[in-house]
Amino acid sequence: MKGAPAVTGDGRSITPERRHRPLVGMAFMLVACALFPVMNGIVKLLGEQYDPKQVVWFRITTHLLLVALVFVPRMGTQLFRTRHIGSQAVVSVMMLLSTLCYFTAAKYVGVADAISVSFVAPLAVVFLAWPLLGERITAIRLGAVLLGFIGVLVVIRPGSSVFQPASLLLLGSALCYAIYQIYIRRLAGIDHPATSIFYSVLLGSIIMSCVVPFVWTTPRNWQHWALFFSTGAMGALGHYCVARAMTYASANFIAPFNYTQMIGSVIVGYLMFAEVPDAYVWLGTALIVSAGLMVGWSGRKRI
């Protein structure tokens, strides 16, 4: 790759060679995908007792405050400096819409089922990355993504409880999240990852702060307060890892690792809601993991 090295939001140079470290990107993405199922389980639990818009407000506002508390002492005003405010606005809108759609639908479907439907996002990223980012799709990556998607279809199979109106919200959430990831990748190496995760919830926090007074219910005990705030903490850390992952690897390489959320979702669904996975879930999960391993192997060299 030729040209001048990219520069992060805090002024540090990031050469193309440093950016292209796919195994490091994969590691960051796997951490994010371990956090998100736990957060989703908590969201489903809270959504059964509180308005989803209140849960969304806690999720994104806590996220915003934590990022500011952690990074302002280290970066100062550099945290707020972006070279692409328009792209950051798109990221923020997509994050809000994706979160709102998903949290609204979560109470009606199982944790693993919800994640399964959301797995159309990696496919969308792979195909949108070509026209929007100019990232060509190699045969092995495309084959791995398709194998993973077949695994998802095995899990949710037509006629299951997943096929209901709430699934439309999940599909909408997945599409918004795909666009979110595309724009995060566009900003990687230009704005600091912390800057991106700050702006990703700034607009949503402002909007939901205007909405939440109309749906507010005071949490009933300290455990509920802790659960509310934990959604923001896990979301902030998870999306920081996503932003870091996009800094080190291409969008269509990173996207298939979203499939590993299925493993955590099955575990969370069983432990929190006694959702027992059947043989189809295990078969589908095996295909999904195989797809992730294929992409990980192909990413050991520049392709």
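Quick look at the structure, then. (Residues numbered from 1 in each chain as written. Predicted model: local features only at pLDDT ≥ 70, side-chain atom pairs only at ≥ 80, totals over all residues. Heavy atoms only, no water.)

## Observations concerning helix α8 (residues 166–187)
For an α-helix, the turn length of 3.6 residues means that residues three or four places apart are oriented alike.
Thinking step 1. Look at α8: 32 Å from first C-alpha to last across 22 residues, which is about the 32 Å you get at 1.5 Å a residue.
Thinking step 2. Just beyond α8, the residue with positive phi is Gly189, at close to 85°. (Helix = DSSP H or I, 4+ residues; strand = E, 2+ residues; numbered from the N terminus. Expected span 1.5 Å × (residues − 1).)

## Some details on the packing of helix α9 (residues 193–211) against helix α10 (residues 222–248)
Thinking step 1. Remark: α9 packs on α10, axes separated minimally by 9 Å, with the N-to-C direction vectors making an angle of 135°. On the basis of the axis angle, α9 is oblique to α10. In the crossing of α9 with α10, the sense of the turn from one axis to the other is right-handed. Where α9 approaches α10, its residues Pro193, Ala194 and Ile197 are matched on the opposing element by Ala236, His239, Tyr240, Ala243, Arg244 and Thr247.
Thinking step 2. Of the residues in the contact of α9 with α10, the class split is six nonpolar, two polar and one charged. (Axes fitted to C-alpha atoms, helices over the stretch in contact; angles between N-to-C directions. Parallel < 35°, antiparallel > 145°, perpendicular 65-115°, else oblique. Left-handed = near helix turned anticlockwise from the far one by under 90°. Contact = heavy atoms within 4.5 Å. Nonpolar A, V, L, I, M, F, W, Y, C, P; charged D, E, K, R; others polar.)

## Section: helix α3 (residues 52–75)
Thinking step 1. Given a rise of 1.5 Å per residue, 24 residues ought to cover 34 Å, and the 33 Å separating the end C-alpha atoms of α3 matches this to within 8%.
Thinking step 2. Of all the bends in α3, the greatest reaches close to 25° and is centred on Leu69; the proline Pro73 follows between one and four positions later.
Thinking step 3. The N-capping residue of α3, defined by a side-chain oxygen 2.8 Å from the backbone nitrogen of Lys53, is Asp51.
Thinking step 4. Downstream of α3 by a residue or two, Gly76 has a phi angle that is positive, lying close to 60°. (Bend = angle between axes of the 7 residues up to and from the residue. Polar contact = N/O pair within 3.5 Å; in protein donor to acceptor, adjacent residues only side chain to side chain.)

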